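Descriptive analysis of the structure
Now for the letters of each chain:
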Amino acid sequence: MSISALDSYIPKLCTPRSSGERLPQTTRVRAFAQPQTLAILSDPHVLRLAETLEDSIASSSASPPPPLQKLRDFSSQSLLSTPWPSRKDEPFRFTDTSFIKNSDIQPVNPSQTQSLDSLSALPDSISPNLAIVDGYLADSLSQISGLPDGVFVGALSSLNSEAIMERVSKYVSNFQGDMFWSLNGVGAPDVLLVYVPEGCKVENPLHLRFLSLNRSDKDSKTLPISNPRVLVLVERGGEISVVEEYVGGDGDDRCYWTNSVMEVYVGDGGKLQHSYIQTQSLGAAHVKWTSVLQESKSIYELSEVSTGGKLSRHNVHVQQLGPDTVTELSTFHLSLGDQLQDLHSKLVLDHPRGYSRQLHKCIVAHSLGQAVFDGNVQVNRDAQQTDAGQLTRSLLLEPRATVNVKPNLQIIADDVKCSHGAAISDLEANQLFYFQSRGINIAAARKALIFSFAAEVIERFPHASVRKKVESLIKRLLDPSLPSREEK
């Protein structure tokens, strides 16, 4: 059921009818149990945006595969009672999204993404790799040769296997997120599928590179939106490493909105190494959802660096579906300007002998910079002998820099080993004195200490080429005198 159909129907529910008038039979079938309540709860701004997204997809795509249509129908219905989030809502208490809401949000026209001849092979790309431009897969910029037999990487609409399509239908939209999640479900032009069959180990990392070419000027009210969506499906015993990178202009402050979703399923004994790098424009809005389902004895490892965006928010939801499951989350956020870096994570452990470690670090180095960490680890009654640890550390390097930290450990099981901690500080004076006593000036000492603070997360990226890339990025941001990649 589409937003446009339901949106046009809602006003009719509120219109008085004559005593003898009856609704058409087809309309009665589509009605909800409490239509008046539905009409009251609907947010006109959300419905208008959803309808705009829906219209842009309808005019640019053929008949979608069943899982994609299921996703769109489910997302459309959920938006009917989903208001735009405000600071009064607990998950957004420290995150102001009015920058997005007050903009003139315009879906990117797919015809605008077709002129890619001017772009050569993307630099620094790992092979195999896929380029996603404004939410649309760019085949001319992608290289996926050399993958093992049975592995599928590409658009869901190009999948010919009925067996894999049935598996996809089971896991697509298997989780209910917030409004941004549902808007992506309505506006995603396709689903980028990464499928690893049972027992298959993909040796080389898969690089997914997301670019935004349609951008507005800083003073413009227009905000182009793209809605890329990825489903990673790793069957029993399969292994793969995925590098997910969102790229913006170097030092660019132009405006756009990337509203992205990645859904992950890791089967029994499977393993996914997930590297996530976000360096979008300093005028951009970047909202990201990552939802992970892990079967027994599976491993999911997330290594993340986020430095871009005027507003950047990453929602991570991980659920362990079986015993002896391992989850490791290592994240680093850097706010060097008038930026908000936000991480909301939830880890649900429902089975025995689960293992989880979460390390979150952030640096706020501007008086207008902000950072948010809301981390929830939920150890339920059946998750006996669980070993869960959570640690967040933040550096505030300017007087009015702000960080809001909310670590949350909920334990219902009684035979567990769990811990969490949080620390917020500036650089320690005795550490700076140690460097100065050995002839190192204060500026060099601060740079060394700040980089070493970030290095603990950077070292956890599983591939040397990615680590080197992230190291160069952080060093250049902390020391603008260093040349960028384009200047080398």
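Above this text sits the structure in question.
Residues numbered from 1 in each chain as written. Predicted model: local features only at pLDDT ≥ 70, side-chain atom pairs only at ≥ 80, totals over all residues. Heavy atoms only, no water.

With that out of the way, let us pick up the sheet that holds strand E2 (residues 129–133). Reading across the sheet, the ten strands line up as E3-E2-E6-E9-E11-E13-E15-E17-E19-E21 and stay open at both edges, with mixed pairing between neighbours. The sheet is open, and its two edges are formed by strand E3 (136–143) and strand E21 (417–425), each paired on a single side. Strand-to-strand, the axes of this sheet are offset by a mean angle of 10°, without reference to chain direction. The sheet contact formed by strand E15 (residues 326–335) and strand E17 (residues 355–364) spans ten bridges and is parallel. Residue serine 330 lies in a different strand from E17, and its bridge partner there is leucine 359. The strands that helix H11 (residues 464–478) touches are strand E6 (206–211), strand E9 (239–247), strand E11 (271–279), strand E13 (299–306) and E15; relative to E15, the one it contacts most, it runs at about 25°. (Pairing = 2+ DSSP bridges. Helix = DSSP H or I, 4+ residues; strand = E, 2+ residues; numbered from the N terminus. Axes fitted to C-alpha atoms, helices over the stretch in contact; angles between N-to-C directions. Contact = heavy atoms within 4.5 Å.)

Our focus in this paragraph is the pattern of salt bridges. Evaluation of the coordinates by the stated rule reveals 15 salt bridges. For lysine 406, the salt bridge is made with glutamate 90, and the minimal N-O distance between the two is 3.1 Å. Of this pair, lysine 406 sits in strand E20 (residues 402–411) while glutamate 90 sits in the loop between helix H5 (66–79) and helix H6 (98–101), placing them 316 residues apart in sequence. Given a relative accessible area of 38%, glutamate 90 falls into the partly exposed group. A salt bridge links arginine 236 to aspartate 268, with the nearest nitrogen and oxygen atoms 3.4 Å apart. Remark: aspartate 268 occurs in the loop between strand E10 (257–266) and E11 and arginine 236 occurs in the loop between strand E8 (229–234) and E9; sequence separation between them is 32 residues. One salt-bridge network, in which partners are shared between bridges, spans Glu90, Arg93 and Lys406. (Salt bridge = Lys/Arg side-chain N within 4 Å of Asp/Glu carboxyl O. Buried < 20%, exposed > 50% of the residue type's maximum accessible area, 1.4 Å probe, protein only.)

This brings us to the packing of aromatic side chains. Counting across every chain of the model gives eleven aromatic pairs. With a centroid separation of 6.1 Å and an interplanar angle of 40°, the aromatic rings of phenylalanine 92 and phenylalanine 180 are classed as tilted. Pair noted here: phenylalanine 92 is in the loop between H5 and H6 and phenylalanine 180 is in helix H8 (residues 179–187), with a separation of 88 residues, a long-range link. When sorted by exposure, phenylalanine 92 lands in the same class as phenylalanine 180, which is buried. Here the aromatic rings of phenylalanine 175 and tryptophan 181 are separated by 5.3 Å at their centres, their planes lie at 80°, and the arrangement is edge-to-face. Residue tryptophan 181 is classed as buried on the basis of its relative accessible area, which comes to 1%. Members of the aromatic cluster, joined through ring pairs, are Trp84, Phe92, Phe180 and Trp257. Sitting over the face of the ring of phenylalanine 453, lysine 361 holds its NZ or CZ atom 4.5 Å from the ring centroid. Here the guanidinium or amino end of lysine 475 rests over the ring plane of phenylalanine 451, the centre of that ring lying 5.1 Å away. (Phe/Tyr/Trp six-rings, centres within 6.5 Å; stacked < 30°, edge-to-face > 60°. Lys NZ or Arg CZ within 6 Å of the ring centre and 35° of its normal.)

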